[in-house]
Amino acid sequence: MSKFLMEVITNPMDVVIFQDIEEDIREYLKSSDFESFFKTENLNIFVSQTRIVIWADLFGDDLKDKLSELLPSILRGVESPNQMRWDTGSITFFSPIINILALLDDELIDVQIEDVRSKKVSLVNLCDEIEIDSVDDYFEKLDKYVGFNEVDRVNKIRNQVSKIAASLGKKFTANRDKLIKIAKIIENPQFLSANFDEKYYDLPEEFVFNIINKYDACIPLAFEDGKISNSYIIAYNKNKKSEKIKSMYENSLDYDLGLIEEVFEKDSALELKEYVPRLNWISKYDQLGNLYDKTTRVKMFVEKVADNLSLAKEMEENLYLAADLMKADLATRTVKKYPQLKGIVAKTMLEKEEYDSVIGEAILEQYLPGSMNKMPESSIGYILAIVDRYDDIVGLIISDDYNIRLVKNKIDEILNLIINSKLEISVATLTKIALYVYTEESIGAFDYNKVESILEDLFLQRYKNILRNLGVKAEFVSDDILSCDEYFGNLTEKLIEISETADEEETSLLKNLFRIRNLVMTSESMDYESSEEERRVGELVSGDVTNDIDGDFISFLKNNKEVLQDLFDFYDNGGYVTDYSKKLQTELKNRWF
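Residues numbered from 1 in each chain as written. Predicted model: local features only at pLDDT ≥ 70, side-chain atom pairs only at ≥ 80, totals over all residues. Heavy atoms only, no water.

Peer 1: Is there a simple way to think about the packing of aromatic side chains in this case?
Peer 2: Geometry of an aromatic ring pair is reported as the spacing of the ring centres plus the angle between the planes. Within this structure, the stated rule accounts for 12 aromatic pairs. Seen from their ring centres, Tyr215 and Tyr249 are 5.7 Å apart, and the 85° between their planes marks the pair as edge-to-face. Remark: Tyr249 occurs in helix α7 (residues 242–267) and Tyr215 occurs in the loop between α6 (205–214) and β12 (218–222); sequence separation between them is 34 residues. Ring geometry for Tyr390 versus Phe459: centroids 5.3 Å apart, planes at 15°, classification stacked. Pair noted here: Tyr390 is in helix α14 (residues 379–399) and Phe459 is in helix α17 (residues 448–469), with a separation of 69 residues, a long-range link. Pairwise contacts between aromatic rings join Phe46, Trp55, Tyr138, Phe139 and Phe148 into one cluster. Taking the ring centre of Phe46 as reference, the NZ or CZ of Lys184 above it sits at 5.7 Å. (Phe/Tyr/Trp six-rings, centres within 6.5 Å; stacked < 30°, edge-to-face > 60°. Helix = DSSP H or I, 4+ residues; strand = E, 2+ residues; numbered from the N terminus. Lys NZ or Arg CZ within 6 Å of the ring centre and 35° of its normal.)

Peer 1: What's the story with the nonpolar core in this structure? I'm lost.
Peer 2: Proteins that are soluble and globular tend to have nonpolar side chains buried together. Ranked by size, the top nonpolar core spans 141 residues in total, and within it Tyr390, Phe459 and Leu495 carry the most contacts. No other element matches α14, which puts 13 residues into this core. In contact with Leu495, other than residues within four places in its own chain, are Tyr463, Leu467, Val472, Phe476, Leu482 and Phe514. Core analysis: the next-biggest nonpolar cluster, separate from the first, contains 29 residues, Leu29, Ile74, Ile97 and Leu104 among them. (Core = buried A, V, L, I, M, F, W, Y, C linked by side-chain atoms within 4.5 Å. Buried < 20%, exposed > 50% of the residue type's maximum accessible area, 1.4 Å probe, protein only. Contact = heavy atoms within 4.5 Å.)

Peer 1: How should the sheet that holds strand β13 (residues 228–237) be read in this particular structure?
Peer 2: As a general point, the strands of a sheet are linked pairwise by backbone hydrogen bonds and lie either parallel or antiparallel. With antiparallel pairing, the 4 strands of this open sheet are ordered in space as β10-β12-β13-β11. Edge positions in the sheet fall to β10 (171–172) and β11 (189–195), since each has one partner strand and no second. As defined by bridge partners, β11 adjoins β13 across 7 bridges and the pair is classed as antiparallel. Across the sheet, residue Pro189 finds its bridge partner in β13, namely Asn237. Strands in contact with α6 are β12 and β13; relative to β12, the strand with the most contacts, it is inclined by about 150°. (Pairing = 2+ DSSP bridges. Axes fitted to C-alpha atoms, helices over the stretch in contact; angles between N-to-C directions.)

Peer 1: Is there a simple way to explain α7 in this structure?
Peer 2: Every α-helical turn comprises 3.6 residues, leaving residues that sit three or four positions apart pointing alike. Between its first and last C-alpha atoms α7 spans 37 Å; for 26 residues at 1.5 Å apiece the expected length is 38 Å, and the two agree. When we look at burial in α7, the residues that qualify are Ile245, Tyr249, Glu250, Leu253, Asp256, Leu257, Leu259, Ile260, Val263, Phe264 and Asp267. Against the buried residues of α7 lie β11, α6, β12, β13, α10 (333–337) and α11 (344–352). (Expected span 1.5 Å × (residues − 1).)

Peer 1: Honestly, the pairing of strand β1 (residues 2–10) in this entry has me stumped. Any pointers?
Peer 2: When a strand is regular, its side chains alternate between the sheet's two faces. With 8 of 9 residues buried, β1 is to be regarded as a mostly interior element. With 8 bridges joining them, β1 and strand β3 (residues 51–58) adopt antiparallel strand pairing. Bridge pairing links Phe4 to Ala56 in β3. Both β1 and strand β4 (residues 97–104) contribute to a ladder of 7 bridges, which runs antiparallel. By the bridge assignment, Phe4 is partnered in β4 with Leu104.

Peer 1: Would you mind showing me how to read the packing of helix α16 (residues 427–440) against α17 here?
Peer 2: Each pair of packed helices can be described by the angle between their axes along with the distance between the axes. The contact between α16 and α17 brings their axes to 11 Å, and the two run at 145°. Two packed elements cross with a definite hand, and for α16 against α17 that hand is right-handed. Residue-level contacts link Val427, Thr431, Lys432 and Leu435 of α16 to Tyr448, Val451, Glu452, Leu455 and Phe459 of α17. Taken together, the residues of the contact of α16 with α17 sort by class into 6 nonpolar, 1 polar and 2 charged. (Left-handed = near helix turned anticlockwise from the far one by under 90°. Nonpolar A, V, L, I, M, F, W, Y, C, P; charged D, E, K, R; others polar.)

Peer 1: Can you help me understand the environment of Ser357 in this one?
Peer 2: Within the secondary structure, Ser357 is located in helix α12 (residues 357–365). Considered as a pair, Ser357 and Lys347 are 10 residues apart in the sequence and their alpha carbons are 7.9 Å apart.

Peer 1: Mind showing me how you'd approach the packing of helix α8 (residues 291–309) against helix α9 (residues 313–325) here?
Peer 2: At a closest axis distance of 9 Å, the pairing of α8 and α9 adopts a crossing angle of 165°. Compared by their axis directions, α8 and α9 come out roughly antiparallel. Of the two elements, α8 crosses α9, and the hand of that crossing is right-handed. Together, Thr295, Val298, Lys299, Val302, Glu303 and Ala306 of α8 and Glu316, Leu319, Tyr320, Ala323 and Asp324 of α9 make up the contact between the two elements. A breakdown of the residues in the contact of α8 with α9 according to their chemical character gives 6 nonpolar, 1 polar and 4 charged. (Parallel < 35°, antiparallel > 145°, perpendicular 65-115°, else oblique.)

Here you go:
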């Protein structure tokens, strides 16, 4: 076994870009010849705004020569619409490469990417060279500058910021994602406090909070009662001049707040609904038409979703109104200038117009999963957030003109929304509704079955990743168990529960039970008489028999595993699915799933 490390240092990359690099590299390495050298659990990847570090324990012979050939191709595995070719070579990347370090134990691996050749040197702050003798020496020397343990780095930043806030009689309001971002964009960060002009206290607090957060290095502070303070904290690199940094941010922030005050006053002279027709002039994805077209599709979409969920009349009315207005503030000058205020402007205008607060909150909540990595609090917010993203990905796939990373990210957001909301609607149903809407509001002819198949494959692939990250046992993360016809919210909860509590025998039994249920649920039933195997299982799960099992369904199934095994064998040997099978599946769902 040998210790391997590769470090690539670049000019600063865009924050949005480098956050996706780790997953891209990980997926690429697993699908390349590199995978034969390492075990998945031993692969480590660290990505900051200027540094990509990959390390692992490797196995095999002639590793040095093989790695010298393989390593330049790693950057090809990173997906982005913003890559550029920085030299005359074949590799494209987000930013010019400055330095390469590649080691196998204490030996340098000869790697050349374009005109940069590997050497036993690393950089701090992009300019200070540090000589490196071995993999162990690298971590010993660099950890105090970089901090490869994310938890330790974030906690260190939290403690430093908390001390400064307390010295000012304030508390900081940044969430963990903000601190992680600072940890990734600034190596060895320093901190100072600054202030904006108190006259801007008259602006809505959410405006001020989000404009401070617009700056990746700025952290808003609040008074003890939770109200926004005019003080905030700035993180900066140690080699920068603090007074110059402070002056720059204070001037920029005061300018932003002054401009918002002026522009929002003009915008709010009109009612929010008056901005809806102006969406005709705005497009998010050219191939999907303008935002007025999107609003029309979304309204059709939410009506079908509401029918499937059987919503209460008042909630249904609020949902339709929110869908009609959900993109209206994108036509205001405030949001055009400051996109991070989308949803917030709509909510503020609707409060002024005395609408039910639920509507404004839901419009804001549609953006939370992507912009603030938070979940909605209302059912209407969940529905708007799901439908908004679903409309985008289905339209992009129909157009066959899309970036796969963008689509995957949106699918991840949809799945997390479905899982957290526990809405009883399946991905299969949502896909059918979306395709129906695009058939009615056509952006061009498309192959219905092809698009449906692509969506199902992508959703199942991403859902499996989520289940693995949640600690669900590998036995339950397979195609013969998972289906887009499931209610993923309830299913996820059950899979986590049984992964934590089921022993080996129970896991095997439950896997078969899921597998058969999935087969029955996704198959066309035949108009045949039920089989003996089905009737015996049906008797087991009937109300009269199971009323006395004290709710311990898994133990009950274990005690009757021979009867269940007969049913498993019946289907494995080509047994047909009958109408009785469908009723049996429903009984199982109602009793336990």
